[in-house]
Amino acid sequence: MNERWAWGVGLATSSSDGTTLDAWFPEPALGTPAAADAAAAMVAWAPSASADERRGVSVEAVTVTIDLDAAPASTADAYLRLHVLSHRLAAPNTVNLDGIFGHLPIVAWTTAGPMHPDDATRRRAQLQRDGIQVHSLDKFPRLLDYVTPSGVRIADASRVRLGAHLASGTTVMHEGFVNFNAGTLGASMVEGRISQGVVVGDGSDIGGGASIMGTLSGGGSHRVSIGRRTLLGANAGIGISLGDDCVVEAGLYVTAGSKIVLADEPATASGARPTVKGAELSGRDGILFRRNSLTGAIEAVRRAGVGVTLNEALHA
């Protein structure tokens, strides 16, 4: 089996103008399908193909096979890649997503399923009569509308996008957010923001209101990662990677350009401690980042032993 390929049989939704709005793949798999397997799956899903006049959409069974190293070629191709990530068949940053935004139309996501935004406007009165509500207007849907990852808690479905990779034992609290092509590699507490491309190691805690820089909005090309047993304190933020057993003090934001005092190092002839940019400490293990309450300077202090310990009852 070539694990750099993936395939799936599912249901694709199209609007009346022919726009493919989404595609759902209940059981994506790595490799390429045998002809008999693909045919049998198509037969199984064909009865689910239908039309929904309320939303002005049609649904058809589709079979899609993709090269994970090639760029997305269609909307159904793009959706299969997001499913591969959310079904944990591949880790974030291991699937080619170049140009994916161009293959994902803006969709009116409703309580009855996707529909074209123009149709949502024209049919608003009918939708309201039928009790159908539009809950978002976006290119990406909610993860839980397509995938139910085992061993995971998500307090607010609107805060996790399809394409997020959540390992068993992960808890995403109400104010936590996980973007596509991002997520956790083990049991983690997420009360802050995990941006696109960011991965969080086993046993780490992203505190309430904390933020991790991604690469989608001019944040540079460095993909931030967080190691194991690391704590990003409440309302803190990082633009550099953290290794294992690190702590960033609550309310402190550390970027690649931040000037950081090495508080454990001997003072220079002038009496000052050596200073480095945050980028020089990116990815190192066992560091406490803190703000000196007297001088206001950001300091890095070496830590001994393991970092944070999650509440096992919360992540069982």
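These lines cover the structure that appears in this document, whether it is placed above or below.

Thresholds applied
- Residues numbered from 1 in each chain as written.
- Predicted model: local features only at pLDDT ≥ 70, side-chain atom pairs only at ≥ 80, totals over all residues.
- Heavy atoms only, no water.
- Helix = DSSP H or I, 4+ residues; strand = E, 2+ residues; numbered from the N terminus.
- Contact = heavy atoms within 4.5 Å.
- Polar contact = N/O pair within 3.5 Å; in protein donor to acceptor, adjacent residues only side chain to side chain.
- Pairing = 2+ DSSP bridges.
- Salt bridge = Lys/Arg side-chain N within 4 Å of Asp/Glu carboxyl O.
- Buried < 20%, exposed > 50% of the residue type's maximum accessible area, 1.4 Å probe, protein only.
- Phe/Tyr/Trp six-rings, centres within 6.5 Å; stacked < 30°, edge-to-face > 60°.

## Some points on the environment of arginine 291
With respect to the helices, strands and loops of the structure, arginine 291 is situated in strand β25 (residues 287-291). Sequence spacing of arginine 291 and valine 224 is 67 residues, and the spatial spacing of their C-alpha atoms is 21 Å. Beyond its immediate chain neighbours, meaning those up to four positions away, arginine 291 contacts Glu249, Leu252, Gly296, Ala297 and Ile298. Side-chain polar atoms of arginine 291 contact the backbone oxygen of glycine 296, separated by 2.8 Å.

## What to know about the pairing of strand β2 (residues 20-24)
In this structure, strand β1 (residues 5-15) lies alongside β2, joined through four bridges in antiparallel fashion. From the neighbouring strand, threonine 13 faces β2, where its bridge partner is aspartate 22. Taken together, β1 and the strand that follows it, β2, pair antiparallel across an intervening segment of four residues, in which glycine 18 is found at a positive phi of about 90 degrees.

## Examining the sheet that holds strand β15 (residues 199-200)
Hydrogen bonds along the backbone pair up the strands of a sheet, which may run parallel or antiparallel. With parallel pairing, the three strands of this open sheet are ordered in space as β12-β15-β18. Both edges of this open sheet fall to β12 (183-184) and β18 (225-226), since each of them pairs with a single strand only. Looking at chain direction, β12 and β15 are connected through two bridges and run parallel. What sits directly across from threonine 184, in β15, is valine 200.

## Some remarks on the pattern of salt bridges
A full pass over the atoms with the stated rule returns 11 salt bridges. Residue aspartate 52 pairs with arginine 54 through a salt bridge whose shortest N-O separation is 3.0 Å. A relative accessible area of 33% places arginine 54 in the partly exposed class. Each of Asp52, Arg54 and Arg55 takes part in one network of salt bridges that share partners.

## Remarks on the packing of aromatic side chains
Taken as a whole and assessed by the stated rule, the structure comprises five aromatic pairs. Where phenylalanine 101 meets phenylalanine 140, the ring centres are 5.8 Å apart and the plane angle is 75 degrees; that geometry is what we call edge-to-face. One end of the pair, phenylalanine 101, is in the loop between α2 (75-86) and β6 (107-110); the other, phenylalanine 140, is in the loop between β8 (134-138) and β9 (153-154), with 39 residues separating them in the sequence. Given the relative accessible area of 3%, phenylalanine 140 is considered buried. An angle of 20 degrees between the planes, with centres 4.4 Å apart, marks the rings of phenylalanine 140 and phenylalanine 180 as stacked. Of this pair, phenylalanine 140 sits in the loop between β8 and β9 while phenylalanine 180 sits in the loop between β11 (177-178) and β12; the two residues are 40 residues apart in sequence, bridging distant segments of the chain. Taken together, the ring pairs in this structure connect Phe101, Phe140 and Phe180 into an aromatic cluster.

Purely geometric numbers; function is a separate question.
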